[in-house]
Amino acid sequence: VLANYGPCGYDIRQNLTFNYVYNIPGVTGHGSLDNPITRGILNDWQVSGITTYRTGTPFSPGFSVSGYDNFSLTGSGAFGARVKLVGVPTQGTSDSPYNRLDAAAFAPPTRPSLGIEAPVNYVNKPGQSNWDMSLQTNIPIKEKAHLQLRMDAFNIFNHNQFSGVNRPINF
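Residues numbered from 1 in each chain as written. Predicted model: local features only at pLDDT ≥ 70, side-chain atom pairs only at ≥ 80, totals over all residues. Heavy atoms only, no water.

Trainee: Go over the sheet that holds strand β8 (residues 145–153), please, and point to the residues and values.
Mentor: Read from one edge of the open sheet, 4 strands run β1-β2-β7-β8, paired in antiparallel fashion. Each edge of the open sheet is held by one strand with a lone partner, namely β1 (15–24) and β8. If you compare each strand with its neighbour and ignore which way they point, the axes differ by 15 degrees on average. As paired elements, strand β2 (residues 45–54) and strand β7 (residues 128–142) share 10 bridges and run antiparallel to each other. Bridge pairing links Ser48 to Ser134 in β7. (Pairing = 2+ DSSP bridges. Helix = DSSP H or I, 4+ residues; strand = E, 2+ residues; numbered from the N terminus. Axes fitted to C-alpha atoms, helices over the stretch in contact; angles between N-to-C directions.)

Trainee: Now, about the packing of aromatic side chains: what can you tell me, with residues and values included?
Mentor: For any two aromatic rings, the description comes down to two numbers: the centre-to-centre distance and the angle of the planes. Applying the stated criterion to the full structure yields 3 aromatic pairs. When the ring of Phe18 is compared with that of Tyr20, the centres are 6.0 Å apart and the planes differ by 45 degrees; the resulting orientation is tilted. Residue classification places Phe18 among the partly exposed residues on the basis of a relative accessible area of 33%. Look at Tyr20 and you get partly exposed, because its relative accessible area is 21%. With centroids separated by 5.5 Å and ring planes inclined at 70 degrees, the aromatic side chains of Trp131 and Phe157 adopt a geometry described as edge-to-face. Here Trp131, found in strand β7, pairs with Phe157, found in the segment after β8; they are 26 residues apart in sequence, far enough to count as distant. Ring pairs connect the aromatic residues Tyr53, Trp131 and Phe157, which therefore count as one cluster. (Phe/Tyr/Trp six-rings, centres within 6.5 Å; stacked < 30°, edge-to-face > 60°. Buried < 20%, exposed > 50% of the residue type's maximum accessible area, 1.4 Å probe, protein only.)

Trainee: Which residues make up the pairing of β8, and what values go with them?
Mentor: In this structure, β7 lies alongside β8, joined through 9 bridges in antiparallel fashion. Its bridge partner lying in β8, Leu135 is registered against Met151.

Trainee: Please set out the environment of Cys8 residue by residue, giving values where relevant.
Mentor: When you line up the elements, Cys8 lands in the segment before β1. Here the alpha-carbon distance between Cys8 and Asn121, two residues 113 residues apart in the chain, equals 7.2 Å. Beyond its immediate sequence surroundings of up to four residues, Cys8 is in contact with Pro58 and Asn121. (Contact = heavy atoms within 4.5 Å.)

Trainee: Explain the environment of Gln14 to me, and be specific about the residues and the numbers.
Mentor: Secondary-structure assignment places Gln14 in the segment before β1. When the C-alpha atoms of Gln14 and Gly56 are compared, they prove to be 8.7 Å apart, with 42 residues separating the residues in sequence. Setting aside its immediate chain neighbours within four residues, Gln14 contacts Tyr53, Arg54 and Thr55.

Below is the structure:
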């Protein structure tokens, strides 16, 4: 059945990942700041990280009615019941996690039906961005020994990334 063809549920259309290492300039050669104490504290620091931006994965909006199976809902047991697509699901929406779908674009399936009134995975979840970073320095102790001070932060900006569509659709 053609209605069962669509993007895979793990299809990520765009994915940008990059890593970086940056040696922070020290105080060597900066006049009065260039002394053994400030060089020991401020020289040889390094920032590194991995940053990822990616689009969301596709999904099919669904529904269920407790106590009823697919045959009771659609008159057919061949396919799972799907909401009927009667409009554009993302028209008039925003980035708010509670306004990502237009509820007027959906209707309950009608009986008799095969339960395929909508395609598969035709709406995308929101994309994600992630910044993992590290700040580190090496302090020499002996010729072949050094102490490494390191601070690692995962999701350093600590921002929410709502990955689902959190709007109930009531029929």
